[in-house]
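# Summary of the model geometry
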Amino acid sequence: MTPPKKISLTRYLVEQQRIDGLIPGQLRLLLEVVARACKSISHAVNKGALGGVLGSADSENVQGEIQKKLDIIANEVLIEANEWGGHLAGMASEEMDAIYVVPNRYPKGEYLLLFDPLDGSSNIDVNVSIGTIFSVLHMPEGDRGVDEGDFLQPGNRQVAAGYCVYGPQTTLVLTVGDGVVMFTLDREQGSFVLTQENVRIPADTQEFAINMSNMRHWAPPVRRYIDECLAGKEGPRGKDFNMRWIASMVADVHRILTRGGVFMYPWDQREPNKPGKLRLMYEANPMAWLIEQAGGAATNGKERILDIQPTKLHERVSVILGSKNEVERVTSYHSGL
Ligand code: P6P
């Protein structure tokens, strides 16, 4: 029997560009450069202690979080890989306070790239899956220089979004608005190979993901939803639920894209002025688009995440995403239904 045809990321993007025009040449170049950067990050992550890349970098990022060495390495890899290609006007990263404008020594392109270079950093030193999350926007019209305001577009304006999860496999997950596809890194060939097309999330689930240690701080609608799940088949849901919490959004979202579920990092009263822990521009927006493109839903408890108009580059948001019927139930509890 002839082996199944291996379709590389490059071939997939070229064929998609030819078929539906959703991937103009510059965007195809951007996605291939990001994928190559993720391969380099995967290599560094896989080396772990052997590469001297574990542990803290003894510095803080704009979020006030202690940076891991790999956070900084991943950020530098993405910047260096993307700045010279002529496809970008600028970049924004969880690890950098200000935007990164492509230096004048390189040509500027029409796209903006936003990323969390290494999400789930608390898992790096304990060998648990982590990942890179990225979002692509179009530079607004006008031939003036790029500034932070150009990045402040709602998630429904993304032209591409994805992540690369560094786990037992290194898997790149991508949408350009025509569904979700997955590519697994073939380390022998050094290329991403198409391993899943038309990813779909079941509308119902029996699996929720939330950090239960924050239970006493949750708002009543979240507490009600989780209490009902915990009540199991004797309770109002009439079925038992399972719980997962990897504390790495990329890994939790990958599980949901693979078998369904609901992921929640809601507002809580620990820091009432913060809408949530996760960042809108380079965590919630790309993940929300992937989830919706796979048939799921993503809200902040009150509105669709992709419709939120950002006001600050590093603003945070409450996140409820995954199987559509569960997300709609949690959201309905927030409106008192
Ligand atoms: P906690 C990782 O730091 C992250 O930003 C997400 O990837 C993850 O879902 C969340 O924070 C984990 O937060 O409070 O459970 O450590």
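Residues numbered from 1 in each chain as written. Predicted model: local features only at pLDDT ≥ 70, side-chain atom pairs only at ≥ 80, totals over all residues. Heavy atoms only, no water.

Right, let's talk about the packing of aromatic side chains for a bit. Counted under the stated rule, the structure contains three aromatic pairs. Between the aromatic rings of W245 and F263, the centroid separation amounts to 5.3 Å while the plane-to-plane angle is 20°, which identifies the pairing as stacked. With W245 in the loop between β12 (242-243) and α6 (249-259) and F263 in strand β13 (residues 262-265), this residue pair connects regions lying 18 residues apart in the sequence. Assessed through its relative accessible area of 1%, F263 is described here as buried. Through a chain of ring-to-ring contacts, three or more aromatic side chains come together here, namely W245, F263 and Y265. Here the basic side chain of R224 rests over the ring of Y333, its NZ or CZ set 3.6 Å away from the ring centre. (Phe/Tyr/Trp six-rings, centres within 6.5 Å; stacked < 30°, edge-to-face > 60°. Helix = DSSP H or I, 4+ residues; strand = E, 2+ residues; numbered from the N terminus. Buried < 20%, exposed > 50% of the residue type's maximum accessible area, 1.4 Å probe, protein only. Lys NZ or Arg CZ within 6 Å of the ring centre and 35° of its normal.)

Each assigned domain of the chain is listed with its residue range as follows: domain 1 (9-196) and domain 2 (207-334). Its C-alpha centre places domain 1 at a distance of 23 Å from the equivalent point of domain 2. Across the contact, 49 residues belong to domain 1 and 32 residues belong to domain 2. Taken as a group, I133, L152 and Y163 account for 19% of the area that domain 1 buries against domain 2, more than any other trio of residues on that side. Where domain 1 packs against domain 2, one counts one salt bridge. One salt bridge in this structure joins R279 and E94, with 3.3 Å as the shortest N-O distance. (Domains from an automatic or database assignment. Contact = heavy atoms within 4.5 Å. Buried area = accessible area lost by both parts, 1.4 Å probe. Salt bridge = Lys/Arg side-chain N within 4 Å of Asp/Glu carboxyl O.)

The environment of the ligand is made up of 13 residues, and the closest members are D119, N211, M249, Y265 and K277. Take M249: an N or O atom from its main chain is 2.7 Å from an oxygen atom of the ligand. One nitrogen or oxygen atom from the side chain of K277 is found 2.9 Å from an oxygen atom belonging to the ligand. Contact with the protein chains removes 84% of the 400 Å² of surface that the ligand exposes when unbound. Under a 2 Å grid-point criterion requiring more than half of the atoms, the pocket assigned to the ligand is the largest pocket. Looking at the shell around the ligand, the elements with two or more residues in it are β13 and β14 (278-279). (Near = heavy atom within 4 Å. Polar contact = N/O pair within 3.5 Å; in protein donor to acceptor, adjacent residues only side chain to side chain. Areas by Shrake-Rupley, 256 points an atom, 1.4 Å probe, with all protein chains shown as cover. 1 Å grid on protein atoms, 1.4 Å probe; cavity = no way out; pocket = protein on both sides within 12 Å on 5 of 7 lines; lining within 4 Å. Sits in = over half its atoms within 2 Å of the grid points.)

Our focus in this paragraph is the sheet that holds strand β10 (residues 191-196). Sheet strands pair via backbone hydrogen bonds, and the direction of the pair is either parallel or antiparallel. Strand order in the open sheet formed by eight strands is β4-β3-β5-β6-β7-β8-β9-β10, and the pairing between neighbours is mixed. Sheet topology places β4 (100-101) and β10 at the edges, where each strand pairs with a single neighbour. As judged from the six bridges shared by strand β7 (residues 160-166) and strand β8 (residues 170-175), these two strands associate in the antiparallel manner. From the neighbouring strand, Y163 faces β8, where its bridge partner is V173. Packed on one face of the sheet, helix α3 (residues 69-82) meets β3 (88-93), β4, β5 (111-119) and β6 (130-138) and runs near 155° to β5. Sheet strands in contact with helix α7 (residues 280-293) are β3, β5, β6, β7 and β8, and its direction is about 85° off that of β6. (Pairing = 2+ DSSP bridges. Axes fitted to C-alpha atoms, helices over the stretch in contact; angles between N-to-C directions.)

One non-glycine residue, D58, lies in the positive phi region at around 55°. On the secondary structure map, D58 appears in strand β1 (residues 56-60). In this structure, N198 takes a positive phi of about 50° despite not being glycine. Among the structural elements, N198 can be located in the loop between β10 and β11 (207-209). N198 gets classed as exposed once you look at its relative accessible area, which sits at 56%.

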